[in-house]
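# Architecture at a glance
The chain contents come next:
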Amino acid sequence: MINPKDKNLPEIDTQDSQASEHVKLSRRLFLGGGAALVGAGAAGLGGSLLTANVQAAGNSNAAHINVGPGELDEYYGFWSGGHSGEVRILGLPSMRELMRIPVFNVDSATGWGLTNESKAVLGENAPLGGDCHHPHMSMTDGQYDGKYVFINDKANSRVARIRGDIMKTDKITTIPNTQAIHGLRVQKVPYTKYIFANAEFRIPHPNNGLAMDAIDKYYTLFSAVNAETMEVDWQVIVDGNLDNTDADYTGKYAFSTCYNAEGAVDLAGSMRDERDHLVIFNIERIEAAVKAGNFQTLGDSKVPVVNGRKGSDLTAYVPVPKNPHGINTAPGGKYAVANGKLSPTVTVFELAKFDALFDGSIKPRDTVVAEVELGLGPLHTAFDNRGNAYTTLFIDSQICKWDVEKAIRAYKGEKVNYILQKLDVHYQPGHNHTTMGETRDADGKYLISLCKFSKDRFLQCGPLHAENDQLIDISGDEMKLLHDGPTYAEPHDCMIVHRSKVKTAKLYKRDDPTFAGTVAMAKADGVTLETDNKVIRDGNKVRVYMTSVAPSYGMDQFSVKQGDEVTVIVTNLDQIEDVTHGFCMVNHGAQMEISPQQTASITFKADRPGVHWYYCNWFCHALHMEMRGRMLVEPA
Ligand code: K7E
Ligand code: CUA
Ligand code: CA
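Source: prediction; values computed, not measured.

Cut-off values and rules
Residues numbered from 1 in each chain as written. Chains lettered and ligands numbered in written order. Predicted model: local features only at pLDDT ≥ 70, side-chain atom pairs only at ≥ 80, totals over all residues. Heavy atoms only, no water. Donors = N, O, S within 2.8 Å, 3.2 Å for Na, K, Ca; no water. Helix = DSSP H or I, 4+ residues; strand = E, 2+ residues; numbered from the N terminus. Domains from an automatic or database assignment. Contact = heavy atoms within 4.5 Å. Buried area = accessible area lost by both parts, 1.4 Å probe. Salt bridge = Lys/Arg side-chain N within 4 Å of Asp/Glu carboxyl O. Near = heavy atom within 4 Å. 1 Å grid on protein atoms, 1.4 Å probe; cavity = no way out; pocket = protein on both sides within 12 Å on 5 of 7 lines; lining within 4 Å. Sits in = over half its atoms within 2 Å of the grid points. Buried < 20%, exposed > 50% of the residue type's maximum accessible area, 1.4 Å probe, protein only. Pairing = 2+ DSSP bridges. pLDDT = per-residue confidence, 0-100. Points joined across faces, edges and corners; volume = space filled by probe spheres on them. Nonpolar A, V, L, I, M, F, W, Y, C, P; charged D, E, K, R; others polar. Core = buried A, V, L, I, M, F, W, Y, C linked by side-chain atoms within 4.5 Å. Phe/Tyr/Trp six-rings, centres within 6.5 Å; stacked < 30°, edge-to-face > 60°. Arc of directions from axis to C-beta. Polar contact = N/O pair within 3.5 Å; in protein donor to acceptor, adjacent residues only side chain to side chain.

## Considerations on the coordination of the calcium ion (ligand 3)
For the calcium ion (ligand 3), every protein donor is listed as Tyr259 (O), Glu262 (OE), Glu262 (OE), Ser270 (O), Asp276 (OD), Asp276 (OD) and Asn323 (OD1), and the spread of their distances is 2.3 to 2.6 Å. The sequence pattern describing where the donors of the calcium ion (ligand 3) fall on their chain is Y-x2-E-x7-S-x5-D-x46-N. One end of the pair, Glu262, is in the loop between strand S13 (253-258) and helix H5 (267-270); the other, Asn323, is in the loop between strand S16 (315-321) and strand S17 (327-329), and 61 residues separate them in sequence.

Pasting the structure below:
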C-alpha cells in the first residue's frame, strides 16, 4: 500500500532533485501578487505548477484506509473517466478500482462500441470517444436513490445514463443546438425529473457558415433532459456562456456559472471584466412558458426553446467575480457557493432569497450573503454535515476548510476568522468531493481531492503523468491526508455514495431491456435463445445463435460462405454469479462479454475463406482455454 514516508528518502533521482530546486521558490512570489490572478489562465498556472509545494505528506493515517482482504468498502465512488470517455467505480476508503463502465469509448473487454446492443445505445454513426466530466446519481427527496448515474460528454455534446442495477450505459442523448455539454447536475427534489446540462460554447444560430463573424449574435443554451425518457424536454437561451451547474433542495431552481459574460471568443476577452455571472433558472416558470406555447424551435430540432436572456422573467443574472467555475449547493439546502477561479473569493448565495428575487422585491446582488477570500484559484467546494466547506485552491495547491456561517458574519463586518485550515494537496486540485456531500445525507467522513498534476508523487511512466486523487480524513477538527491514488485521464469530478444506496444485480434477468432488440430478432427467426443452437441464413446475412455453459459453447463449429455478414448471438446460460463468458472471433475485430443470463451479439464480415477459430476471452473455468470452436468459411 502507500508509503508517504518515501518522500523522506534521500534524493536519488532527477525527478526528486528537480522538485527540490523548485520548492525554494515561493508560489506567491512566482505569481507576483494581484496581477497574477488575471494571468492565471495562462502563465500563472504553468508557473505555479513548477513551484508547487512538494512538502511530504508524512503521516501515520494509512491505517484508516486499510480495508483488509475480503473486507468491503463503505462507499462507492463514481469517478469521471474524463477524456477516456468512461466512468469508473472505486471503493472508499480503500481507493481500490472496482469496475470500469464504458460509456462514450470503445472497450474490447466488454465489447462496448462493438456489440450490436451497445451500438444501439450509442446510435448510428456515433463518434468514437468522449470527454466525461460530471457523474451524478439520481435522487429522491434530496437523497441518492441508486437508480441511475448520469454523465456528460463535453467532446460530442451528449448526456448518458448508466443503470444502477447492472452498472451499464443504457441511454445516450445528443443535445441539439449546442456545442460542448459541460456542467451537469440532477434535480434533487422532489425527485430527479430533469438532468440539467450546460452547453459551454456560444455558436451562431443557425450555424450554417453565413454569419460566423457576428460574434455578438452567438449564444448558448441550458438544457433539461428528462431522466426517464432521456429526451430533451426544453432548452433556455442564455447570455454569456455556461460552465458548471447545480440545483437547490426545493426543486424550484437550477443555477449555472458563466465565465464569459463578455461574450468573447478569445482568452484575453473572456478575462476582461471583473465580474461574470450566475444564471438562475426558474423551473416552474420555464415549464409554464413551454406549456403555454411561448417557445421557438431551432433548426431541425423539435425541442421547445425559451428565451432566458437578460430581462426575461424565466431567469435572473447575479454578477459574480471573476470567471467563476464551480457552483455547489450545501447539503442543508440553505446556501450555494460559486467559486471565483480568477478571483480569490467564493460567493455565498442564500437560496431562500431567490423567490424574492423573482418577485422583483430584491436586487440580484441581495441574494449574496458572503463574498470572502480563501486563496488563489478557488474551483470547487464540497461540504460536511457540520457547516464546514472545503474549497479547492488550484493555484495554491491547497484545500481550504472554512466555516460558512462565520464567513457570512465576516462579510457583514464582524471580526471573525472563517478559515479553519489549509491543507497542501499534490498538486493543483480541480474538483473535490465529500462522502454523500451533494445530498441531504452528507456525513463528513472523507474528502477526495482530484489533483490535476501528480508531478513527483509516483514512479514516472513517460512524459504523460498520472493524476493524483487524494483521500483526506475530514471527520475530526483537522483534515488529514490519507492516501495518494494515481488515476488515468481525467477524473474531473466524482461522487461518493454510501454502499447502502446501491443495489446491484448479481445476474441478468432474461427480460433485461438492454438485449430486448436481440430477443425480438431471435423470435422473428423462430429461435428460442435459452435452448437453441442454430444458424439462420437470410440472403448473405447469417445469424449464428449459440448458448454457453462453462466450459463450452452450444456449437463448436458453424459454416458460412465467404462474403457473408455474420452475426453471432451468444446466450450465457450459467446461473452462477461471476461466471462471465466472452466471445472472440480471431482476426475479425470481434470480441465481447456475456455475463450470466445475458444475451449479447456481434456482427462481422466473413471475408476470408478457411478455418477461423473463436474462443472465450473471459476466464470462466479450468477448461476456459478449451472453450473454443471453428467458423468454417467456404470460398465464394
Ligand atoms: Cu474540470 Cu467540473 Cu469540467 Cu472543474 S470541471 S476542474
Ligand atoms: Cu467461457 Cu472462458
Ligand atoms: Ca469573464
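And the narrative resumes.
## A closer look at the domain arrangement of the protein chain
Here the protein chain is partitioned into domain 1 (62-501) and domain 2 (513-634). One C-alpha centre belongs to domain 1, the other to domain 2, and the line joining them spans 41 Å. Tallying the contact residues gives 11 residues for domain 1 and 15 residues for domain 2. Between domain 1 and domain 2, a total of about 980 Å² is buried, with carbon and sulfur atoms accounting for 44% of that surface. Put simply, domain 1 and domain 2 have one salt bridge between them.

## Re the site of ligand 1
As a structural note, the neighbourhood of ligand 1 is formed by His133, His134, His182, Asn244, His325, His380, Gly430, His431, Lys452 and His492. Judged by the proximity of its atoms to the pocket grid, ligand 1 belongs to the second largest pocket.

## Quick look at the pattern of salt bridges
Applying the stated rule across the entire model yields 34 salt bridges. Note that Glu438 and Arg185 form a salt bridge whose closest N and O atoms lie 3.2 Å from each other. Of the two residues, Glu438 sits in the loop between strand S25 (429-434) and strand S26 (446-451) while Arg185 sits in strand S8 (residues 181-186), which places them 253 residues apart along the sequence. The buried category is assigned to Glu438, whose relative accessible area is 4%.

## What about the pairing of strand S30 (residues 534-538)?
Bridge count for S30 against strand S31 (residues 541-549) is five bridges, and the pairing is antiparallel. In the sheet register, Val535 faces S31, and the bridge partner there is Val544. Here S30 folds back onto S31 in antiparallel fashion, the turn holding two residues, of which Gly539 has a positive phi close to 65°.

## Topic: the confidence of the model for the protein chain
This prediction gives the protein chain a mean pLDDT of 92; 90% of its residues lie at or above 70. Predicted confidence is poor over residues 1-58, with pLDDT under 50, and the contacts of this stretch with residues over four places away or in other chains come to 79 contacts.

## Brief notes about empty space enclosed by the protein
What the rule picks out here adds up to three cavities of 30 Å³ or more. By volume, the largest cavity amounts to about 210 Å³. What lines the largest cavity is a set of 16 residues, and nearest its centre among them are Trp112, Thr115, Glu117, Ser118 and Gln598. Listing elements by their share of the lining of the largest cavity, those giving two or more residues are helix H4 (116-122), strand S7 (168-174) and strand S37 (599-606). If one sorts the elements of the lining of the largest cavity by residue count, H4 sits on top with three residues. A class-by-class count of the residues in the lining of the largest cavity yields five nonpolar, eight polar and three charged. Residue contributions to the lining of the largest cavity reach at least three from each of two domains, namely domain 1 (62-501) and domain 2 (513-634). Taken as a whole, the second largest cavity encloses approximately 110 Å³ of empty space. In terms of lining, the second largest cavity is formed by 14 residues, of which the most central are Arg185, Asn328, Thr381, His433 and Glu438. Taken together, the elements giving at least two residues each to the lining of the second largest cavity come down to S17, strand S21 (378-383) and S25. Ranked by the residues each element gives to the lining of the second largest cavity, the list is headed by S25, at four residues.

## Digging into the layout of surface pockets
Within this model, the largest pocket holds a volume of roughly 990 Å³. In terms of lining residues, the largest pocket is bounded by 28 residues, among which Met99, Ile166, Thr504, Ala505 and Asp578 are the most central. Among the secondary structure elements, those contributing two or more residues to the lining of the largest pocket are strand S2 (86-92) and strand S3 (96-102). Broken down by element, the residue count for the lining of the largest pocket peaks at four residues, all from S3. Within the lining of the largest pocket, the residues separate by chemical class into 14 nonpolar, four polar and 10 charged.

## What about the nonpolar core?
Core analysis: the biggest nonpolar cluster contains 51 residues, and Leu92 and Ile448 have the highest contact counts within it. Looking at this core, the element that brings in the most residues is strand S5 (residues 143-153), giving five residues. If sequence neighbours within four positions are ignored, Ile448 has contacts with Trp79, Leu92, Met95, His431, Asn432, His433, Gln470, Leu471, Cys494 and Ile496. Counting residues in hydrophobic clusters, the runner-up holds 26 residues, among them Tyr553, Val579, Met585 and Ile594.

## Considerations on the packing of aromatic side chains
In the structure shown here, the tally under the stated rule is 17 aromatic pairs. Geometrically, the ring pair formed by Tyr194 and Trp234 is edge-to-face, given 5.2 Å between the ring centres and 70° between the ring planes. One end of the pair, Tyr194, is in strand S9 (residues 194-199); the other, Trp234, is in strand S11 (residues 232-238), with 40 residues separating them in the sequence. Exposure class is identical for Tyr194 and Trp234. Each is buried. Consider the rings of Tyr508 and Phe515, whose centres lie 6.1 Å apart with planes at 55°: the pair is tilted. For Tyr508, a relative accessible area of 9% corresponds to the buried category.

## A look at helix H8 (residues 404-411)
Within H8 the residues assigned to the buried category are Val404, Ala407, Ile408 and Ala410. Projected onto a plane normal to the axis of H8, the buried residues spread over an arc of 160° and lie on a single side. Elements that come into contact with the buried residues of H8 comprise strand S18 (335-339), strand S19 (345-350), strand S20 (368-373), S21, strand S22 (388-393) and strand S23 (398-403). By the N-cap criterion, in which a side-chain oxygen at the helix start approaches the backbone nitrogen of a residue two or three places on, H8 is capped by Asp403, the distance to Glu405 being 3.0 Å. One or two residues past the end of H8 sits Gly413, with phi positive at roughly 115°.

## Quick word on the pairing of strand S38 (residues 610-615)
Remember that side chains alternate between the two faces of the sheet whenever the strand is regular. As paired strands, strand S35 (residues 581-585) and S38 are joined by two bridges and run antiparallel to one another. Paired with Cys584 across the two strands is Tyr615, which belongs to S38. Here S38 pairs with strand S39 (residues 628-634) via six bridges, running antiparallel. Bridge pairing in S39 places Tyr615 opposite Arg628.

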